[in-house]
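One letter stands for each residue in the lines below.
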Amino acid sequence: MVVGVCTVELRLLEAQTLKDKRRVIKGLLDRVRQRYQVAAAEVDHQNSHTRATLGIACVSNAAGHADEVLAAILRFIEAQDELEVLEYHTEVL
């Protein structure tokens, strides 16, 4: 069993309030979970309306597959108009 873990730090470009941020992040997390069948949650910066850190975990039987899934998720997140990826870290255990 292989576990891939990714943390992604984001800047929300258009969020003016925490309510705006939560709407954007909730929608993004729902789409990531549904499309890629992974576990995903906001793990830091919950009280900032302009920043968010997401944690994403993928379980697989091959390290290469886990890495591919996490790379696809990162590309998906980078394609979103309302946010900017500031930093990310991927690890396959």
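**Observations regarding the overall build of the protein**
At step 1: From N to C terminus, the protein includes two helices and four strands.
At step 2: When the helices and strands of the protein are listed from N to C terminus, the series reads β-α-β-β-α-β.
At step 3: By the compact-globule yardstick of 12 Å for 93 residues, the protein fits well, its C-alpha radius of gyration being 13 Å.
At step 4: For the protein, the spread of C-alpha atoms along the three principal axes comes to 40 × 20 × 15 Å.
At step 5: Counting all 93 residues of the protein, 35% fall into the buried class.
At step 6: Roughly 5,600 Å² of accessible area belongs to the protein as shown, and the carbon and sulfur atoms make up 49% of that amount.

**Overview of the pairing of strand β2 (residues 39-44)**
At step 1: Two elements, β2 and strand β3 (residues 51-60), share five bridges in a ladder whose sense is antiparallel. Bridging from a neighbouring strand, A40 pairs with I56 of β3.

**Digging into helix α2 (residues 63-78)**
At step 1: Its 16 residues give α2 an end-to-end C-alpha distance of 23 Å, which sits within 8% of 22 Å, the value for a rise of 1.5 Å per residue.
At step 2: Every buried residue of α2 is accounted for by A66, V69, L70, A72, I73, L74, F76 and I77.

**Quick word on the packing of aromatic side chains**
At step 1: One pass over the full model with this rule turns up one aromatic pair.
At step 2: With centroids separated by 6.0 Å and ring planes inclined at 65°, the aromatic side chains of Y36 and F76 adopt a geometry described as edge-to-face. With Y36 in helix α1 (residues 18-36) and F76 in helix α2, this residue pair connects regions lying 40 residues apart in the sequence.

**Comments concerning the packing of α1 against α2**
At step 1: Contact pair α1 / α2: the axes reach a minimum separation of 11 Å and the direction vectors enclose 145°. Note on packing geometry: the crossing formed by α1 with α2 is right-handed. When α1 is examined against α2, the residues L28, R31, V32, R35 and Y36 are found in contact with a partner set consisting of V69, A72, I73, F76 and I77.
At step 2: Here the residues of the contact of α1 with α2 are counted per class, giving eight nonpolar, no polar and two charged.

**With respect to α1**
At step 1: Its 19 residues give α1 an end-to-end C-alpha distance of 26 Å, which sits within 8% of 27 Å, the value for a rise of 1.5 Å per residue.
At step 2: Taken together, the buried positions of α1 are K21, V24, I25, L28, L29 and V32. Angular distribution of buried residues about the axis of α1 spans 125°; they occupy a single face of the element. Turned more than 90 degrees away from the buried face of α1, the exposed residues are K19, R23, K26 and Q34.
At step 3: Lining the buried residues of α1 we find β1 (2-12), β2, β3, α2 and β4 (83-92).
At step 4: Residue Q37 follows α1 closely and has a positive phi angle near 55°.

About the thresholds
- Residues numbered from 1 in each chain as written.
- Predicted model: local features only at pLDDT ≥ 70, side-chain atom pairs only at ≥ 80, totals over all residues.
- Heavy atoms only, no water.
- Helix = DSSP H or I, 4+ residues; strand = E, 2+ residues; numbered from the N terminus.
- Rg over C-alpha atoms; globule rule 2.2 N^0.38 Å.
- Buried < 20%, exposed > 50% of the residue type's maximum accessible area, 1.4 Å probe, protein only.
- Areas by Shrake-Rupley, 256 points an atom, 1.4 Å probe, with all protein chains shown as cover.
- Pairing = 2+ DSSP bridges.
- Expected span 1.5 Å × (residues − 1).
- Phe/Tyr/Trp six-rings, centres within 6.5 Å; stacked < 30°, edge-to-face > 60°.
- Axes fitted to C-alpha atoms, helices over the stretch in contact; angles between N-to-C directions.
- Left-handed = near helix turned anticlockwise from the far one by under 90°.
- Contact = heavy atoms within 4.5 Å.
- Nonpolar A, V, L, I, M, F, W, Y, C, P; charged D, E, K, R; others polar.
- Arc of directions from axis to C-beta.

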